[in-house]
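Remarks on the overall topology
One letter stands for each residue in the lines below.
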Amino acid sequence: MKRQNLRTAALILCIFSYLLVGAAVFDALESEAESGRKRLLEQKRGELRRKYRFSADDYRELERLVLQAEPHRAGRQWKFAGSFYFAITVITTIGYGHAAPGTDAGKVFCMFYAILGIPLTLVMFQSLGERMNTVVRLLLKKIKKCLGMRTTNVSMENMVLVGFLSCMGTLCIGAAAFSYFEGWTFFHAYYYCFITLTTIGFGDFVALQKNEALQKKPPYVAFSFMYILVGLTVIGAFLNLVVLRFLTMNSEDERRDAEERASLRRAQNNIHLKPKEDSRGSNAIFLPVEDRMSQINLIPLIREDAERQRRQSANSVAAVPSFCTCLCYRPQLCGSPAPSHPETLSCHTNPVYYNSISYKIDEVSLSTRGQTGSSPGSTLSSNSARCRQHPRLRRKSI
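Note that this is a predicted model, so its numbers are computed, not measured. (Residues numbered from 1 in each chain as written. Predicted model: local features only at pLDDT ≥ 70, side-chain atom pairs only at ≥ 80, totals over all residues. Heavy atoms only, no water.)

1. Digging into the overall build of the chain
Each helix and strand counted, the chain has 14 helices and two strands in total. The buried share of the chain, reckoned over its 398 residues, is 28%. Residue pairs in contact within the chain that sit at least 24 positions apart in sequence constitute 68% of those at least 6 positions apart. For the chain, the accessible area works out to roughly 27,200 Å², and carbon and sulfur atoms hold 62% of it. (Helix = DSSP H or I, 4+ residues; strand = E, 2+ residues; numbered from the N terminus. Buried < 20%, exposed > 50% of the residue type's maximum accessible area, 1.4 Å probe, protein only. Contact = heavy atoms within 4.5 Å. Areas by Shrake-Rupley, 256 points an atom, 1.4 Å probe, with all protein chains shown as cover.)

2. Let's talk about helix H5 (residues 156–182)
Spanning 27 residues, H5 covers 38 Å between terminal C-alpha atoms, matching the ideal 39 Å at 1.5 Å per step. What H5 keeps buried is the set Met 159, Gly 163, Cys 167, Thr 170, Leu 171, Gly 174, Ala 175, Ala 177, Phe 178, Ser 179 and Glu 182. On its buried side, H5 packs onto helix H4 (104–146), helix H6 (186–197) and helix H8 (218–242). Backbone geometry just after H5 places Gly 183 at a positive phi near 75 degrees. (Expected span 1.5 Å × (residues − 1).)

3. Overview of the packing of helix H3 (residues 80–91) against H4
Between H3 and H4, the least distance of the axes is 8 Å, while the angle of their chain directions is 65 degrees. Across from Phe 86, Ala 87, Val 90 and Ile 91 in H3, the residues of H4 making contact are Cys 110, Tyr 113, Ala 114, Gly 117, Ile 118 and Thr 121. Taken together, the residues that form the contact of H3 with H4 break down as eight nonpolar, two polar and no charged. (Axes fitted to C-alpha atoms, helices over the stretch in contact; angles between N-to-C directions. Nonpolar A, V, L, I, M, F, W, Y, C, P; charged D, E, K, R; others polar.)

4. Observations regarding the packing of aromatic side chains
Think of a pair of aromatic rings as described by two things: how far the centres are apart, and how the planes are tilted against each other in angle. Per the counting criterion, the structure on display carries 20 aromatic pairs. An angle of 45 degrees between the planes, with centres 5.2 Å apart, marks the rings of Phe 84 and Phe 225 as tilted. Pair noted here: Phe 84 is in helix H3 and Phe 225 is in helix H8, with a separation of 141 residues, a long-range link. For Phe 84, a relative accessible area of 38% gives the class partly exposed. Judged by centre distance (6.0 Å) and plane angle (80 degrees), the ring pair of Tyr 191 and Phe 205 falls under edge-to-face. Here Tyr 191 is found in helix H6, whereas its partner Phe 205 is found in the loop between H6 and helix H7 (213–216), with 14 residues between them in sequence. (Phe/Tyr/Trp six-rings, centres within 6.5 Å; stacked < 30°, edge-to-face > 60°.)

5. Quick look at a positive patch on the surface
Together, Arg 137, Lys 141, Lys 142 and Lys 145 make up a region of like positive charge exposed at the surface. Position of Lys 142 among the secondary structure elements: in helix H4. The exposure class assigned to Lys 142 is exposed, which follows from its relative accessible area of 56%. (Patch = residues over 30% accessible without salt bridge, like charges linked within 9 Å, V, L, I, M, F, W, Y side chains within 5 Å. Salt bridge = Lys/Arg side-chain N within 4 Å of Asp/Glu carboxyl O. Lys, Arg positive; Asp, Glu negative; His and termini not counted. Charge placed at Lys NZ, Arg CZ, Asp CG, Glu CD.)

6. Details of a nonpolar patch on the surface
A cluster of nonpolar side chains, Val 135, Leu 139, Ile 143, Leu 147 and Met 149, forms an exposed patch at the surface whose accessible area comes to about 490 Å². One can find Val 135 in helix H4. In this structure Val 135 comes out as partly exposed when scored by relative accessible area, which is 47%.

7. Quick word on the side chain of Asn 133
On the secondary structure map, Asn 133 appears in helix H4. Leave out the neighbours within four places in its chain, and Asn 133 touches Met 159, Ala 237, Asn 240 and Leu 241.

8. Overview of unusual backbone geometry
Leaving glycine aside, a negative phi is the common case for residues, and trans is the common case for peptide bonds. The backbone of Thr 199 shows a phi angle near 60 degrees, a positive value even though the residue is not glycine. The residue Thr 199 is located in the loop between H6 and H7 in this model. What makes Thr 199 partly exposed here is its relative accessible area of 28%. At Asn 211, a residue that is not glycine, the phi angle is positive and equals roughly 55 degrees. Take Asn 211: its relative accessible area is 61%, and that puts it in the exposed class.

9. A look at the environment of Tyr 190
With respect to the helices and strands, the residue Tyr 190 is situated in helix H6. C-alpha separation for the pair Tyr 190 and Ile 173, spaced 17 residues apart in sequence, amounts to 8.9 Å. Ignoring sequence-local partners within four residues, the contact set of Tyr 190 consists of Met 168, Leu 171, Cys 172 and Ala 175.

10. What about the confidence of the model for the chain?
For the chain, the average pLDDT comes to 75, and 66% of its residues sit at 70 or higher. Mean pLDDT in the chain bottoms out at strand E2 (residues 352–354), which sits at 42, and peaks at H6, which reaches 96. Note on residues 273–304: pLDDT under 50 across the span, and 77 contacts to partners over four residues away in sequence or across chains. Considering only residues more than four positions removed or in separate chains, one finds that residues 316–398, a stretch of pLDDT under 50, has 140 contacts. (pLDDT = per-residue confidence, 0-100.)

11. A look at the pattern of salt bridges
Pairing between side chains of opposite charge can happen when their charged atoms approach one another. If you walk through the whole model with that rule in mind, you get three salt bridges. A salt bridge links Asp 57 to Arg 60; the nearest nitrogen and oxygen atoms lie 2.3 Å apart. With a gap of three residues between them, Asp 57 and Arg 60 both fall in helix H2 (residues 56–69), about one helical turn apart. The salt bridge partner of Lys 216 is Glu 212, with a shortest N-O separation of 3.6 Å. The exposure class assigned to Lys 216 is exposed, which follows from its relative accessible area of 59%.

12. Let's talk about the packing of H4 against H8
With their axes 8 Å apart at the nearest point, H4 and H8 run at an angle of 70 degrees to one another. With respect to H8, the axis of H4 lies roughly perpendicular. Across from Phe 125, Gln 126, Leu 128, Gly 129, Glu 130, Met 132 and Asn 133 in H4, the residues of H8 making contact are Leu 229, Leu 232, Thr 233, Val 234, Ala 237, Asn 240 and Leu 241. (Parallel < 35°, antiparallel > 145°, perpendicular 65-115°, else oblique.)

Here it is, written out as structure tokens:
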């Protein structure tokens with residue numbers, strides 16, 4: 001949880017810093033130009049008022065009429081073609097502002113239409129983007145195989161590069177088409193395509209708004225609609241590939257933390273070792289488990305009775321294959337070389353074994369060792385006289 005909080009705080013700080021930088025840059029670039037345009041408009045307005053002897057009220061009325069008449073230059077906005085264009089700008093959140101409902105009923109329907117249409121459209125574009133990325137990955141794999149490349153795996157870098165080139169190609173195709181049909185420069189047409197496909201939709205450049213294009217140019221209208229939908233799909237595929245992976249980081253971290261907490265609770269529940277219920281009467285052993293550490297089990301050396309071992313040897317054979325056992329003995333008894341460090345072994349020594357789970361260890365008699373084989377490196381045989389004289393010196397290890 002701490003990691004998610006730090007990431008969120010860092011993102012908030014980054015966004016505010018980005019906004020401050022953007023505000024400073026736009027202020028430096030646009031402020032003087034805005035002042036110049038304002039002075040020019042005031043000069044033109046004064047010339048018109050002196051030339052045609054308009055009063056201030058007449059001039060404001062003229063301005064209002066010009067603004068209201070601007071959308072109608074494209075033809076009738078609320079016929080089927082114009083309404084379809086408006087519906088696209090609503091559910092895709094482009095919102096040019098070139099047309100807006102004029103009646104109260106139209107405004108109410110627009111709100112309910114957007115509530116259902118916007119989420120549906122976002123899900124549709126995300127799904128199409130995923131399918132498109134899958135197709136592109138398969139095509140890249142086949143291309144690599146046809147070229148005889150050693151590795152045909154498609155990496156994330158390959159997908160990002162293809163997605164970026166697809167976005168650039170889509171923008172360039174749209175810019176060339178709209179610069180031809182609308183009479184814009186290539187730069188302005190490219191700017192229009194970028195603002196449209198990123199759903200910013202300023203409305204300073206809007207296609208299909210000249211010479212009644214909505215009614216008189218059906219092929220151009222169809223191309224514009226398809227370009228917006230296909231272009232948004234391409235952009236959505238690229239964003240789904242790059243951006244959405246980072247948007248799910250918080251949820252993935254929360255799920256990982258929940259799994260770690262559940263695993264820790266299971267480890268604490270299993271830390272209670274229950275020895276085998278027999279006549280030994282051994283006590284239960286508890287060990288603390290710290291966070292993000294392995295579980296530690298303490299297995300005491302079992303005090304064995306030679307007579308009971310011989311009686312239970314036949315029953316304990318079946319349990320032998322599931323364990324790896326070894327013999328522990330005094331070096332001086334069997335002639336083994338002395339260890340490099342002094343160590344005194346006795347029946348009261350408790351060896352510590354580390355493993356990841358709790359378990360019970362079954363008894364294996366000394367006579368069974370001869371049937372299952374001794375541990376590697378051990379020179380002490382179960383039939384040795386010295387071993388028979390010291391039946392309590394054996395211990396088991398995992």
